[in-house]
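Structure at a glance
Chain residues, written in single-letter form:
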Amino acid sequence: MSGPFETKKGFNLSLWALMHPALTRYLMVVLMVLGVTAYFQLGQDEDPPFTFRAMVIRTYWPGATAQQVAEQITDKLERTLQEAPFADKIRSYSKPGESQIIFQIKDSSKAADVANVWYTVRKKVSDMRQTLPQGVVGPFFNDDFGDVYGVIYAIEAEGFSMAEIRDIADDVRQQLLRVTDVYKVELFGTQDEKIYIEIPQKRLAQLGLDLNAVLAQLGQQNAVESAGTMQTPLDMVQIRVQGQFQAIEQLQAMPIRGATGQQIKLGDIAQIQRGYVDPALVKVRFQGKQVVALGVSMAKGGDIIALGKALRVSTANIQSNLPHGVTLVQLQDQPKAVERSISEFVSVLIEAVVIVLLVSFVSLGWHKGGRFGWYIDMRPGLVVGITIPLVLAMTFLAMYYLGIGLHKISLGSLIIALGLLVDDAIIAVEMMVRKMEEGFDKVRAATFAYEVTAMPMLTGTLITAAGFLPIGLAKSVTGEYTFAIFAVTVIALLLSWWVSVFFVPYLGTFILKVKPHTAGGAPQELFDSAFYNTFRRTVNWCVKHRWLTIGATVLTFALGIFGMGKVQQQFFPDSSRPEIMMDIWFPEGTSVAANEALSLQVEKRLLATAGVESVSLWVGSGVPRFYLPLDQVFPQSNVSQFIILPKDLKIRESLRVALPAILAKEFPRYGPV
C-alpha cells in the first residue's frame, strides 16, 4: 500500500490478534472465566497480612522490689537484646516481682528474616539465663502478634461455676477448631481452680510444727513416682505408687507428724477449701455479666467471609447442644465488616462502569447528522465498557497467582485503578473511529491505532505506574502493609494497555460501524471543525506568547504547592468501624479488685447511655487484637479496656465527643483515656 493506508514495517500486535480471531476469542473468554473464578477464590480479610517486628519478654521474680528487678533482671536482659540482629528499640518496665521488655527490630528488616531473629533472641537469652538470680521464673517470650481474633464469642452461663463454664468453653473451642480456615481459638477470662490450705501460725507454734515440714509431707504424699515395671509373657505392666489426693476429704484426713512424733490430721489444724486464683489475672464482662470469651483467628490466606458463614452454621449447632441456661453470643464480627467493604467496592465498581459508559457513549459517539442534527453512536462506548470487566477479571487472576487477597488496601487500589484502566482503551477506540471516518477499513484502522498510539500509551502507563513505585520500594512496615497499592495498580494498568492493543482492535472490528466522511471519493481529515479551529488558535497564541504562558504555568504550580499545604494530611482515612475503644488507667500498683470496682461503675453508666448497643469490658488487660492495626494493652492489674458498640457511625461520632466529658465529670478521680 502507499499513501495514508501504508503499513509500517515491524511486528504489530493488533494485526496479529486480528489475523488469529479464533485464538483471540478463546483467550478473551478463557481469561474472563478464569478471572471471575479467581475472584471467588481470593482470600478476603479486613487488612493485608504483614509481619510484626516486636517481641515481649516477661520475667517474674516473686518477692523482689522494682529496683532489684530493674538492676538484676531487666538491665541484664537489655544488654543481651542489644546484641540481637536488627535491634532497634528496647522499652522496659520493672515493677515489684515482674520485668516486661518490648523489643522491636528495624522496619527495614525483611519479613523472611524475622523468625530467625526471634530464634536468635531466644538462644542468646537462654545462654545468659544462669546469670539471673535464683528464684527467677522465665523469661517468657511472646512474638505471636500477627494473630487477629476477628470473631469473638462470649459464653454466658447464669448459675454455673467458673470451673463449669471453663469446661463448657473448652468443649466449644474444640468444635470451633474443626471449622474450615480456623487457625486458633483462644480462651479469655477463664479462672484456674486452686486448693487453698490455710494454717494459722499460732496453731503451728502451739504444736511445734514447721510450715516447710508440713509442705514437704504434702509433697511426698502427693508425689507421682514410678515403681518400675512387671513383665508378663505378653505385656509389660507399669507399677505405680498410689496415694495422690483425689478429693478435699483426703487432704483433711492426711496425718501430719508433729515435733514429738504425734500424728495430727491436717483438717484439725488447717482450713482447706477449693477456690480460684486470687486475685484473678483477667476478667471479661459483656453487657454487665461476667463471661468467658473465645477469640477465633483465621488461617493465613483464608476467606474471612466464608469463615463467617461457616462459623454461623457451627455456632448454631453448638448453641443447640449447650446446657440449658448457657448462651453463646458474638462480641466481634469481622466477617460482617469485610463483607460491607466488598459490597462497597462492588457498588463503586458498578457506579464507575455506568459513569464510564455514559461518558464514553457521549464523548466517543456524539456525531452530526440524523433527524435532529446530532445523534449518539453507542458502539464505541460499548467497546470501552467491555474492557472494564475484562481488565478486572485478568487483574483478579494475576492477584490470585501472586497471593494478593481482597482487603482494604487491594480494594482501594482497584478503585483507584478504575479511573485509569479505561484510558488506553478510549484512546485506541477513538483512533479507530477517527480513521474509519477518514476512509480506513476496520483492519487498517486497528493496525494504525497500534502503530501510532501503542508506544505512547505504554509510556504513559509506565509513568503512571512509576508514581506508585515509592510504595513498592519502601522498606518499612508501612511499605509492607501498603504494598498492594503498588502491585494491584501496576498490574491493572499494564493489563489495561495489553487489552487495548490486543482485544480492543478485535472488538472494534466486530462492533464498530462508522461511515467514512469523503469528498470526491478521497478520505478527509476531521480537524476542520469549529472546536478544533478554536483549540488551534489557542495553542498558537500560547506559543506566540511563550513567556507569558511559562509564567502562568509557574504561578499555577506555585499556587498548587501553597494550596497543598492547606490540605489535611492523612495517610489512611478514618476508620469506618463502629467500635469505640476506651481505656481506664489506674496508678501503678492498684489492685485488680479496686480496678474492677470502678470499672463496674463505668460499665453501668455506659450501658445506660443512649445509643449504646453493647459494652464489653476486659479487667486487668486490654482486649485481644480483633483488627490488625489495634495497639495491644498487655495484662496488668491497673488497667481496664472497654469496647463500646454504638448503633451506627453517626452515634459513634457523637459518643466519641461526649463520653470523655461525661465520664470525667461523673468519675473525676480516674478519667478515661
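A few words now on the overall build of the chain. When its secondary structure is counted, the chain shows 22 helices and 22 strands. Taking all 673 residues of the chain together, the buried fraction comes to 43%. For the chain, the proportion of contacts with a sequence separation of at least 24, taken over those separated by at least 6, is 75%. Accessible surface for the chain amounts to roughly 36,600 Å². Of this, 59% is attributable to carbon and sulfur atoms.

For helix 4 (residues 111–127), spanning 17 residues, the distance from its first C-alpha to its last is 26 Å, which sits close to the expected 24 Å at 1.5 Å a residue. Residues of helix 4 that are buried: V114, V117, W118, T120, V121 and V125. Summarising the axial view, the buried residues of helix 4 lie within an arc of 165 degrees, below the 170-degree limit, and thus occupy one face. Residues A112, A115 and Y119 are exposed on helix 4 and point more than 90 degrees away from its buried face.

Turning to the pattern of salt bridges, a few remarks are in order. Any two side chains of opposite charge can pair, given that their charged atoms come close. Using the criterion set out here, one finds 7 salt bridges in the structure. For R58, the salt bridge identified is with E98, shortest N-O distance 2.4 Å. Here E98 lies in strand 3 (residues 98–105) and R58 lies in strand 1 (residues 54–60), a separation of 40 residues in the sequence. This pair shows no difference in class: R58 is buried, exactly as E98 is. In this structure, R444 and E451 form a salt bridge, with 3.3 Å as the shortest nitrogen-oxygen distance. Using a relative accessible area of 4% as the deciding quantity, one classes R444 as buried.

Before going further, it helps to spend a moment on the nonpolar core. With 107 residues, the main nonpolar core has I155, V172, L176, L311, F396 and L406 as its most contacted residues. Looking at which element gives the most residues to this core, the answer is helix 18 (residues 483–511), with 19 residues. Residues within four places of F396 in sequence aside, it is in contact with G35, A38, Y39, L42, F345, L406 and L414.

Right, let's talk about the sheet that holds strand 1 for a bit. Strand order across the open sheet formed by 4 strands is 2-3-1-4, with antiparallel pairing between neighbours. Where the open sheet ends on each side, the last strands, each with one partner, are strand 2 (87–95) and strand 4 (137–142). The average undirected angle you get between the axes of adjacent strands in this sheet is 15 degrees. Pairing of strand 1 with strand 4, which is carried by 4 bridges, proceeds in the antiparallel orientation. Counterpart to V56 in the pairing with strand 4 is N142. Relative to the sheet, helix 3 (residues 66–81) contacts strand 1, strand 2, strand 3 and strand 4, its axis offset from that of strand 2 by approximately 165 degrees. Strands strand 1, strand 3 and strand 4 of the sheet are contacted by helix 4, whose axis makes an angle of about 145 degrees with strand 3.

Attention now goes to the packing of aromatic side chains. Evaluated as defined, the whole model comprises 12 aromatic pairs. Aromatic side chains F502 and F503 sit 5.0 Å apart centroid to centroid with 90 degrees between the ring planes, which places their arrangement in the edge-to-face category. Take F502: its relative accessible area is 3%, and that puts it in the buried class. The exposure class assigned to F503 is buried, which follows from its relative accessible area of 0%.

Next up on the list: the packing of helix 15 (residues 442–466) against helix 18. Where helix 15 contacts helix 18, the two axes come as close as 9 Å, and the packing angle between them is 175 degrees. Judged on the interaxial angle alone, helix 18 and helix 15 are roughly antiparallel. Residues K442, V443, A446, Y450, A454, M455, M457, L458, T461, L462, T464 and A465 of helix 15 pack against F486, V490, L493, L494, W497, S500, V501, P505 and T509 of helix 18. In the contact of helix 15 with helix 18, the residues fall into 16 nonpolar, 4 polar and 1 charged.

Looking at the secondary structure, you find W497 in helix 18. In this structure W497 comes out as buried when scored by relative accessible area, which is 12%. Apart from the residues within four sequence positions on either side, W497 is in contact with D424, A454, M455, M457, L458 and T461.

Once that is clear, we can look at unusual backbone geometry. That bond from G138 to P139 is cis: its omega, 0 degrees, falls within 30 degrees of zero. Tracing the backbone through its elements, the reader meets P139 in strand 4. Although it is not a glycine, F86 sits at a positive phi angle of roughly 65 degrees. Of note in the backbone geometry, D181 takes a positive phi value of approximately 75 degrees without being a glycine.

The next subject is the side chain of E451. Within the secondary structure, E451 sits in helix 15. Here R444 takes part through its side chain, which lies 3.3 Å from a polar atom of the side chain of E451.

To continue, consider a nonpolar patch on the surface. On the surface, a nonpolar cluster with roughly 430 Å² of combined accessible area is contributed by F11, W16, L23 and Y26. Tracing the backbone through its elements, the reader meets F11 in the segment before helix 1 (13–19). Look at F11 and you get exposed, because its relative accessible area is 57%.

In the contact formed by helix 13 (residues 408–418) and helix 18, the axes pass within 8 Å of each other and the chain directions differ by 35 degrees. Between helix 13 and helix 18 lies a crossing whose hand is right-handed. Every residue of helix 18 that contacts helix 13 at I409, S410, S413, L414 and A417 is listed here: A484, I485, V488, T489 and A492. Class assignment of the residues belonging to the contact of helix 13 with helix 18 gives a composition of 7 nonpolar, 3 polar and no charged.

Attention shifts here to the pairing of strand 3. For strand 3, the tally of buried residues reaches 7 of 8 residues, placing the bulk of the element in the interior. When strand 1 meets strand 3, the two strands line up antiparallel, connected through 7 bridges. Across the sheet, A54 pairs through a bridge with Q104, a residue of strand 3. Sheet topology places strand 2 next to strand 3; 8 bridges connect them, and they run antiparallel. Counted as the bridge partner of I90 is F103 from strand 3. Between strand 2 and strand 3, which pair antiparallel in sequence order, lie 2 residues; one of them, G97, sits at a positive phi of approximately 80 degrees.

The next thing to look at is the confidence of the model for the chain. Residue-level pLDDT values for the chain average 80, and 89% of them are 70 or greater. The weakest mean pLDDT in the chain belongs to strand 19 (residues 522–523) at 49; the strongest belongs to helix 20 (residues 546–564) at 90. Under a pLDDT of 50 for its full length, residues 1–5 has, in the predicted model, 7 contacts with residues more than four places off or in other chains.

Reading the values: the criteria
- Residues numbered from 1 in each chain as written.
- Predicted model: local features only at pLDDT ≥ 70, side-chain atom pairs only at ≥ 80, totals over all residues.
- Heavy atoms only, no water.
- Helix = DSSP H or I, 4+ residues; strand = E, 2+ residues; numbered from the N terminus.
- Buried < 20%, exposed > 50% of the residue type's maximum accessible area, 1.4 Å probe, protein only.
- Contact = heavy atoms within 4.5 Å.
- Areas by Shrake-Rupley, 256 points an atom, 1.4 Å probe, with all protein chains shown as cover.
- Expected span 1.5 Å × (residues − 1).
- Arc of directions from axis to C-beta.
- Salt bridge = Lys/Arg side-chain N within 4 Å of Asp/Glu carboxyl O.
- Core = buried A, V, L, I, M, F, W, Y, C linked by side-chain atoms within 4.5 Å.
- Pairing = 2+ DSSP bridges.
- Axes fitted to C-alpha atoms, helices over the stretch in contact; angles between N-to-C directions.
- Phe/Tyr/Trp six-rings, centres within 6.5 Å; stacked < 30°, edge-to-face > 60°.
- Parallel < 35°, antiparallel > 145°, perpendicular 65-115°, else oblique.
- Nonpolar A, V, L, I, M, F, W, Y, C, P; charged D, E, K, R; others polar.
- Polar contact = N/O pair within 3.5 Å; in protein donor to acceptor, adjacent residues only side chain to side chain.
- Patch = residues over 30% accessible without salt bridge, like charges linked within 9 Å, V, L, I, M, F, W, Y side chains within 5 Å.
- Left-handed = near helix turned anticlockwise from the far one by under 90°.
- pLDDT = per-residue confidence, 0-100.

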